[in-house]
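Breakdown of the fold
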Amino acid sequence: MILNLQIDLQLIDITVEVPYENGSLTLLKDISLCISQGEWISIVGKNGSGKSTLAQLLTGVRKASSGIIQRGFSGDEPIPYVMQQEMQWFGETPWEDMIFLLESRGEDVKLIPEIIQSALERVGIDLLKDRPFAEMSGGQQQLAAIAGCLAARTPIIVFDEATSMLDSTSRQQVLAAAKTINQQGTAVVWLTHHIEDLSFGERVIALESGKISYDDSTTAFFYRGSTFDLNHTTLIKTPCEELGFTLPYPIQVAHELKLKGIQLPTLPLTSEQLVEAVSYLVK
Ligand SMILES: Nc1ncnc2c1ncn2[C@@H]1O[C@H](COP(=O)(O)OP(=O)(O)OP(=O)(O)O)[C@@H](O)[C@H]1O
């Protein structure tokens, strides 16, 4: 595998077009972005904005019509792609799949069982190691995919609306497992239209009609530019609101407090962070 850990994965002026009726349809236009090793990037956009097309481009499932992709630290192996459904496996069970994955990456055969067992335990599905994927739930399959990445120490993984169909417990399990591999150094690209998911990463890229309309920090996405008049009418919207999404509840509360003249010591993204910021004020 060719890996250059110093170099970002770069998309430069990428356009994706498909044949449509008598001409062509542009799905992505002038996309330029860099992904660094170990980053967690959230890509957000409404239905049809081009998120899956971008995910397919990053994972190599789809080719660009024009532009350049420099794979940098992500190397030349296929990038794991976790979706709601129709995941691709090399074996019938997690154990078989991970054996294939590690052998194909040249891992020492004697160490493979221990590495797999440890990865399965870390994401909490060691008891399902011999269960056929066809008999596993969507969340269990996603955890199996994450265990594979953990075992193989893959440099990057792409999640495309992966948790949309999961109940809240499975969703939290998948997000926590994704955070584990990210902390271990795997870059995570998390595509979603669930605005609450964005608090897991520090950077947000927003897509609108196949173009990048925002690429900056998560905090700025929820707080930048927001000003109100005395009737609570928004004078300038945040990038999140500009995109047509409602601010998550803890962030709405922080904006309301600011409007009432109460400045929190930090800008919270989650309920837990809001509680912490308010507790600091009332100490
Ligand atoms: N092969 C194709 N031919 C014509 N239109 C296509 C094709 N593939 C995708 N599209 C259109 O391109 C747009 C972007 O699709 P894409 O699946 O990337 O969006 P998305 O942001 O992932 O949407 P969603 O959140 O609904 O999954 C959509 O309007 C879709 O209908």
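Residues numbered from 1 in each chain as written. Predicted model: local features only at pLDDT ≥ 70, side-chain atom pairs only at ≥ 80, totals over all residues. Heavy atoms only, no water.

Inclusion rule: UniProt positions are given in the numbering used here, feature names are shortened, and annotations may be inferred rather than shown by experiment.
Per an unreviewed UniProt entry, the protein chain goes by ATP-binding cassette domain-containing protein and derives from Paenibacillus psychroresistens. Within the UniProt record for the protein chain, the comment given under Subcellular location (unreviewed entry) is "Cell membrane". Of the protein chain, the UniProt comment under Sequence similarities (unreviewed entry) reads exactly: "Belongs to the ABC transporter superfamily."

**Details of the sheet that holds strand β4 (residues 66-70)**
We apply this condition: In this analysis, strands are considered paired if DSSP registers two or more bridges between them. Counting from the N terminus, the helices are the DSSP runs of H or I reaching at least four residues and the strands are the DSSP runs of E reaching at least two. Each axis is a line fitted through C-alpha atoms, and for a helix only the stretch in contact is used; angles between axes span 0 to 180 degrees, taken between their N-to-C directions.
As summarised here, the arrangement of the three strands in space is β2-β1-β4, forming an open sheet in which the pairing is antiparallel. Of all strands in the sheet, those with a lone pairing partner are β2 (23-35) and β4, marking the two edges. Sheet twist, expressed as the average angle between the axes of neighbouring strands with direction ignored, equals 25°. Inspection of the sheet shows strand β1 (residues 9-20) paired to β2 by nine bridges, in the antiparallel sense. The residue of β2 that forms the bridge with E17 is T26.

**A few points about the pattern of salt bridges**
Note the following rule: Basic side-chain nitrogens of Lys or Arg form a salt bridge, by our definition, when they fall within 4 Å of a carboxyl oxygen of Asp or Glu. Burial classification: accessible surface area is computed with a 1.4 Å probe over protein chains only, and a residue below 20% of its type maximum counts as buried, one above 50% as exposed, and the rest as partly exposed.
Following the criterion strictly, the structure yields eight salt bridges and no others. Here E107 ties to R153 by a salt bridge, and the two come within 3.6 Å at their closest N and O atoms. Placement of E107 in the loop between α2 (94-104) and α3 (112-122) and of R153 in the loop between α4 (138-152) and β6 (156-160) is noted, with a sequence separation of 46 residues between them. Judged by relative accessible area, which is 51%, R153 ranks as exposed. For R224, the salt bridge goes to D216, with nearest N and O atoms at 3.0 Å. Looking at R224, the relative accessible area reads 41%, which means it is partly exposed. The network of salt bridges with shared partners includes E39, R203 and D215.

**Re unusual backbone geometry**
Phi is positive for E21, which is not a glycine, with a value near 45°. Within the secondary structure layout, E21 lies in the loop between β1 and β2. Judged by relative accessible area, which is 71%, E21 ranks as exposed. Phi angles above zero are rare outside glycine, and S209 is one such case at about 45°.

**Some points on the site of the ligand**
What counts, and what does not: One heavy atom suffices: a residue is near a molecule or strand as soon as one of its heavy atoms comes within 4 Å of it. Polar contacts here mean pairs of N or O atoms no more than 3.5 Å apart (in protein, one a potential hydrogen donor and the other a potential acceptor; neighbouring residues in sequence count only if both atoms are side-chain atoms). For this classification, Asp, Glu, Lys and Arg are treated as charged, while Ala, Val, Leu, Ile, Met, Phe, Trp, Tyr, Cys and Pro are nonpolar and the rest, including Gly, are polar.
Near the ligand, the surroundings consist of V18, L25, L27, K46, N47, G48, S49, G50, K51, S52, T53 and R62. One of the backbone nitrogen or oxygen atoms of G48 is found 2.8 Å away from an oxygen atom of the ligand. One of the backbone nitrogen or oxygen atoms of S52 is found 2.8 Å away from an oxygen atom of the ligand. Those elements that place two or more of their residues in the shell around the ligand are β2 and α1 (51-59). Considering each element in turn, the shell around the ligand owes the most residues, three residues, to α1. Its residues assigned to classes, the shell around the ligand shows three nonpolar, six polar and three charged.

**Brief notes about the nonpolar core**
Just so we agree on the cut-off: Here, the term nonpolar core denotes a set of buried Ala, Val, Leu, Ile, Met, Phe, Trp, Tyr and Cys residues that are joined through side-chain atoms within 4.5 Å. Contacts: residue pairs with any heavy atoms within 4.5 Å of one another.
If you look at the biggest cluster of nonpolar residues, it comprises 36 residues, and the most contacted ones within it are V123, F159 and W190. The set of elements that each furnish at least two residues to this core consists of α2, α3, α4, β6, α5 (168-183) and β7 (187-192). If you tally residues by element for this core, the top one is α4, at nine residues. When near neighbours in sequence (up to four residues on either side) are disregarded, W190 contacts W40, I41, S42, I43, F159, T163, V174, L175, A178 and D197. Formed by 25 residues, the second largest nonpolar core is a distinct cluster that contains L33, A55, M83 and V189.

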